[in-house]
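An overview of the molecular structure
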Amino acid sequence: VRLDISLFLLAAFYIVDGLRDGGAQGALDSATFSVLLFFCIYLHEMGHAFGGWLFNIKTLDVTLTFFGGYARLLGSPRTPFQQVVVSFAGPAVNLLIGVALFWYAANVEGANCIVTNLAYANVFLGLFNLLPGYPLDGGHITAALLSNFMPTNRARLITAYIGVAIGFLLVALG
């Protein structure tokens, strides 16, 4: 596992924001949330590693960065089905974590807002990663599905353009 320096910048942003809004307790809550969120992102990447393992594809390492993370696989999926499985495994982990945390928050007395916020964050990460443009997991899934009907390079180009459109949309919404 590799941690990019930008990850610590993101954690510092969360902590300073928590300090500003809630003093020392807010900073502690934000630090706790940050560590748990980064662990969930790590689990997301391990989901991809597990998906690759199902098809005998080894994982070299996992790197966590400001923008999320990535698992470097030794080799690539050989069929569109394998690509869909490997790509979907990461968001599936986040969605499962989100459901589990929502269940925990609803059924365990004393569950705090960190649990609920982490549940929302995981559901958001899972669904956001399923958007159909590169470099998101949904872009890989879309390209794999399209490659059943057209050359793989054209399918990748289409999802790259969708990814650019998603990027511009996010900037416009921001």
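Look up a bit, the structure's there.
The present account deals with the structure reproduced in this document. (Residues numbered from 1 in each chain as written. Predicted model: local features only at pLDDT ≥ 70, side-chain atom pairs only at ≥ 80, totals over all residues. Heavy atoms only, no water.)

A word on the packing of helix α1 (residues 5–54) against helix α3 (residues 113–128)
- The contact between α1 and α3 brings their axes to 10 Å, and the two run at 35°. For the crossing formed where α1 meets α3, the hand is right-handed. Contacts from Asp29, Thr32, Phe33, Leu36, Leu37, Cys40 and Ile41 in α1 reach Ile114, Asn117, Leu118, Ala121, Asn122 and Leu125 in α3.
- Counted by class, the contact of α1 with α3 contains 9 nonpolar, 3 polar and 1 charged residues. (Axes fitted to C-alpha atoms, helices over the stretch in contact; angles between N-to-C directions. Helix = DSSP H or I, 4+ residues; strand = E, 2+ residues; numbered from the N terminus. Left-handed = near helix turned anticlockwise from the far one by under 90°. Contact = heavy atoms within 4.5 Å. Nonpolar A, V, L, I, M, F, W, Y, C, P; charged D, E, K, R; others polar.)

Describing the packing of helix α4 (residues 137–146) against helix α5 (residues 152–173)
- Closest axis-to-axis distance for the α4/α5 pair is 8 Å, and the angle between their directions is 145°. In the crossing of α4 with α5, the sense of the turn from one axis to the other is right-handed. Contacts from Gly139, Thr142, Ala143 and Leu146 of α4 reach α5 at Ala155, Arg156, Ile158 and Thr159.
- Of the residues contributing to the contact of α4 with α5, the split by class is 4 nonpolar, 3 polar and 1 charged.

Topic: the packing of aromatic side chains
- For the structure on display, the rule yields 8 aromatic pairs.
- On the numbers, 5.5 Å between centres and 20° between planes, the contact of Phe124 with Phe128 is stacked. Of the two residues, Phe124 and Phe128 both sit in helix α3, 4 residues apart, roughly one turn of that helix.
- Residue Phe124 is classed as exposed on the basis of its relative accessible area, which comes to 53%. (Phe/Tyr/Trp six-rings, centres within 6.5 Å; stacked < 30°, edge-to-face > 60°. Buried < 20%, exposed > 50% of the residue type's maximum accessible area, 1.4 Å probe, protein only.)

Considerations on the pairing of strand β2 (residues 58–65)
- Where strand β1 (residues 2–3) lies against β2, 2 bridges are found, and the strand directions are parallel. Bridge pairing links Leu3 to Leu64 in β2.
- The sheet contact formed by β2 and strand β3 (residues 68–74) spans 7 bridges and is antiparallel. Bridge pairing in β3 links Asp61 to Arg72. (Pairing = 2+ DSSP bridges.)

Some thoughts on the side chain of Ser6
- Relative to the helices and strands, Ser6 resides in helix α1.
- Note on Ser6: relative accessible area 16%, which makes it buried.
- With residues up to four places along the chain from it excluded, the contact list for Ser6 reads Thr65 and Phe66.

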